[in-house]
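One letter stands for each residue in the lines below.
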Amino acid sequence: MGYASTRSLALTGLTAHIVDIEADAAPGDSELHLVGLPELSVWPARARIRAAILNSGTAWPDARITASVTPMIPPVYDAAADLALAVALLAAAGVIPPERIAGRVFLGELALDGQIRPIRGVLPMVAAAVRAGLSRVVVPAECAREAAQVPGAVVMPVTRLADVIDQLRHGAIRDHHDQEPESALSSSFAVDLADVPGNQAARHTLEVCAAGGHHLLLSGDGPATMLAERLPGILPPLDHDAAREVAEIRSLAGQSDRAPVVTPPLSAPHHTATAAAIFGSVAGNRPGAVSLAHHGVLHLADAPEFARTVLDGLCRPMDSGQVHLAGLGRSVHYPARFTLVVDARPCPCLEQRECACTPEVRRRYRARLALLLSRVAVRAPVEQEDRAAGTGEPSATVAARVLAARVRAAHRLAETPWRTNAEIPAPDLTTRFSVAPEAAELLWSAVTAGLVTADGMPRLLRVAWTLADLRGADRPQLDDAAGALELWKGADGDGAR
Ligand SMILES: [Zn+2]
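The notes below deal with the structure included here.

1. Concerning the coordination of the zinc ion
Part 1 of the reasoning: Distances from the zinc ion to its protein donors, Cys347 (SG), Cys349 (SG), Cys355 (SG) and Cys357 (SG), fall within 2.2 to 2.3 Å.
Part 2 of the reasoning: Taken together, the 4 donor atoms coordinating the zinc ion and their angles of 106 to 117° define a geometry best described as tetrahedral.
Part 3 of the reasoning: Take Cys355: its relative accessible area is 25%, and that puts it in the partly exposed class.

2. Describing the environment of Ala481
Part 1 of the reasoning: Within the secondary structure layout, Ala481 lies in helix 19 (residues 478–489).
Part 2 of the reasoning: For Ala481, a relative accessible area of 0% corresponds to the buried category.
Part 3 of the reasoning: C-alpha separation for the pair Ala481 and Leu85, spaced 396 residues apart in sequence, amounts to 64 Å.
Part 4 of the reasoning: Among residues more than four places away in sequence, those in contact with Ala481 are Ala439, Leu442, Leu443 and Ala464.

3. As for the packing of aromatic side chains
What describes a pair of aromatic rings is the distance from one ring centre to the other and the angle between the planes of the rings.
Part 1 of the reasoning: As enumerated under the stated definition, the model contains 1 aromatic pair in all.
Part 2 of the reasoning: Seen in terms of ring centroids, Phe433 and Trp465 are 5.9 Å apart; in terms of plane orientation they differ by 70°. Their pairing is edge-to-face. Placement of Phe433 in the loop between helix 16 (426–431) and helix 17 (437–448) and of Trp465 in helix 18 (residues 457–471) is noted, with a sequence separation of 32 residues between them. The burial state of Phe433 is the same as that of Trp465; both residues are buried.
Part 3 of the reasoning: The ring centre of Trp488 lies 4.9 Å from the NZ or CZ of Arg379, which sits over that ring.

4. Quick look at the nonpolar core
Part 1 of the reasoning: Within the largest apolar cluster, 64 residues are counted, with the highest numbers of intra-cluster contacts made by Val126, Val290, Leu298, Leu300, Leu314, Phe338 and Leu372.
Part 2 of the reasoning: Tallying contributions element by element places helix 3 (residues 122–131) first for this core, with 7 residues.
Part 3 of the reasoning: Excluding its chain neighbours within four sequence positions, the residues that come into contact with Phe338 are His215, Val290, Ala293, Gly296, Leu298, Leu314, Pro317 and Met318.

5. Describing the pattern of salt bridges
Part 1 of the reasoning: The final tally for this structure, using the stated rule, is 23 salt bridges.
Part 2 of the reasoning: Asp163 is the salt-bridge partner of Arg160, the closest N and O atoms lying 3.0 Å from each other.
Part 3 of the reasoning: Put simply, Arg244 and Glu248 hold a salt bridge, and the shortest N to O gap is 3.9 Å. Note that Arg244 and Glu248 are positioned in helix 8 (residues 240–252) at a spacing of 4 residues, about one turn of the helix.
Part 4 of the reasoning: Look at the salt bridges and you will find they share partners, linking Asp195, Glu229 and Arg230 into a network.

6. Here we look at the sheet that holds strand 17 (residues 339–344)
Adjacent strands of a sheet form backbone hydrogen bonds with each other and so pair up, either parallel or antiparallel.
Part 1 of the reasoning: Here we have 5 strands laid out as an open sheet, ordered 11-14-17-10-18, and parallel in their pairing. The strands lining the two open edges of the sheet, one partner per strand, are strand 11 (266–267) and strand 18 (378–381).
Part 2 of the reasoning: As defined by bridge partners, strand 14 (residues 297–300) adjoins strand 17 across 4 bridges and the pair is classed as parallel. Each residue of the ladder has a partner; that of Leu300, found in strand 17, is Val342.

7. Notes on the packing of helix 15 (residues 395–412) against helix 18
Part 1 of the reasoning: Interaxial distance between helix 15 and helix 18 falls to 8 Å at its minimum, and their mutual angle equals 115°. For the element pair helix 15 and helix 18, the recorded crossing hand is right-handed. Across the interface between the two elements, Arg401, Ala405, Arg408, Ala409 and Arg412 of helix 15 pack against Trp465, Asp469 and Leu470 of helix 18.
Part 2 of the reasoning: Residue composition of the contact of helix 15 with helix 18, by class: 4 nonpolar, no polar and 4 charged.

Quick notes on the rules
- Residues numbered from 1 in each chain as written.
- Predicted model: local features only at pLDDT ≥ 70, side-chain atom pairs only at ≥ 80, totals over all residues.
- Heavy atoms only, no water.
- Donors = N, O, S within 2.8 Å, 3.2 Å for Na, K, Ca; no water.
- Tetrahedral: all angles 85-135°; square planar, octahedral: opposite > 155°, others 65-115°.
- Buried < 20%, exposed > 50% of the residue type's maximum accessible area, 1.4 Å probe, protein only.
- Helix = DSSP H or I, 4+ residues; strand = E, 2+ residues; numbered from the N terminus.
- Contact = heavy atoms within 4.5 Å.
- Phe/Tyr/Trp six-rings, centres within 6.5 Å; stacked < 30°, edge-to-face > 60°.
- Lys NZ or Arg CZ within 6 Å of the ring centre and 35° of its normal.
- Core = buried A, V, L, I, M, F, W, Y, C linked by side-chain atoms within 4.5 Å.
- Salt bridge = Lys/Arg side-chain N within 4 Å of Asp/Glu carboxyl O.
- Pairing = 2+ DSSP bridges.
- Axes fitted to C-alpha atoms, helices over the stretch in contact; angles between N-to-C directions.
- Left-handed = near helix turned anticlockwise from the far one by under 90°.
- Nonpolar A, V, L, I, M, F, W, Y, C, P; charged D, E, K, R; others polar.

Okay, structure coming up:
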């Protein structure tokens, strides 16, 4: 009879913590007793581990096994600890030499037949293990490539519990030696702005939104999705920290990448998506579409078709840059700072040519977006493809101007917590930064004339700064203010309010 210990990891939101797994074998009832966790959360684990061990050709130990998994925050068993628990109890029972599992981290959920299932969130978990000095990690083979992206990690991929037991009994688990070279970092994107015919106004608004981080409304029945898909390609590539955050969120969502991410993400949920799919779920610790858009673009096609709770609920992440979820006695935060692109047709029917919708129906349809549009500063019409219009500039040309404008803004904002014009809080827009007097005068006259509400003023000022940045000017002049007003209204004037 004996004692053994090893390590695993558990996640709360994107934060991983080390979990100590201990097992003790003593004469007794041949049962696995998991102490310290609610019974309801451990009985499926106990059944899984027993079946997996028996189906791996190993006899269940003739001993009373007491095991603990600490700390579990929240106190619910996480199936990622299955593999660690199985090897710890086998080591305590003398099947595996205990010294071979100490100092290692084991991650993986067990199937009843002894296969080791992939788990979500390997990237943040392995990163936390390496930071804690535990660089030797045993992971499900499907997750090995993802784990190997963490610098300093020594990854040992495994597929079956039987192999793990065999290798630990007879020596050490082999390290991961990837035969296939990592695909080179690529900032190329599959889609290009040059593919979008016509729509000069909408292209210009994409450039402004990319340069300043402003949210955008596209109206009409033109190729709005084509345009939205091309916004990530003109944004600056992700820096190191942003790329790591994006990769960790994708890992937690179970959408791991084969190579490091460099292009900002595009997240485009369908309008039938549930609130959990959009915002995430605390029960499964699963981030939603808004977090998959972090550091990138969230596109809502046919926005008025989304549930009202989703449309209104988006305002909180737009204001705070994160999602906070609570329930089941737990709470999690996921980052969610994105540029929003909403597109909306003028009415709920699909009969653009023989539309019989009354003005009241149209008004009510658009009114669903009211709260969301109170965060939008830039509007543009999208028109049906016009072949005569010819092709426009390629994404690379636009991206270069966007980058230059971003560098200019970042330089001005160097001593502040903000990086883009869209992030500057309203009070600071007037106290820290000043526009040319004629520009201010024009914007205030628009407020006085009722073209813009007073709370729209900060959004206009932010866009005016972005237009100045794109021109390479030190501060917004009259033309920039006029340009911001044009973008505010949209060419069909539907933004005037
Ligand atoms: Zn209609």
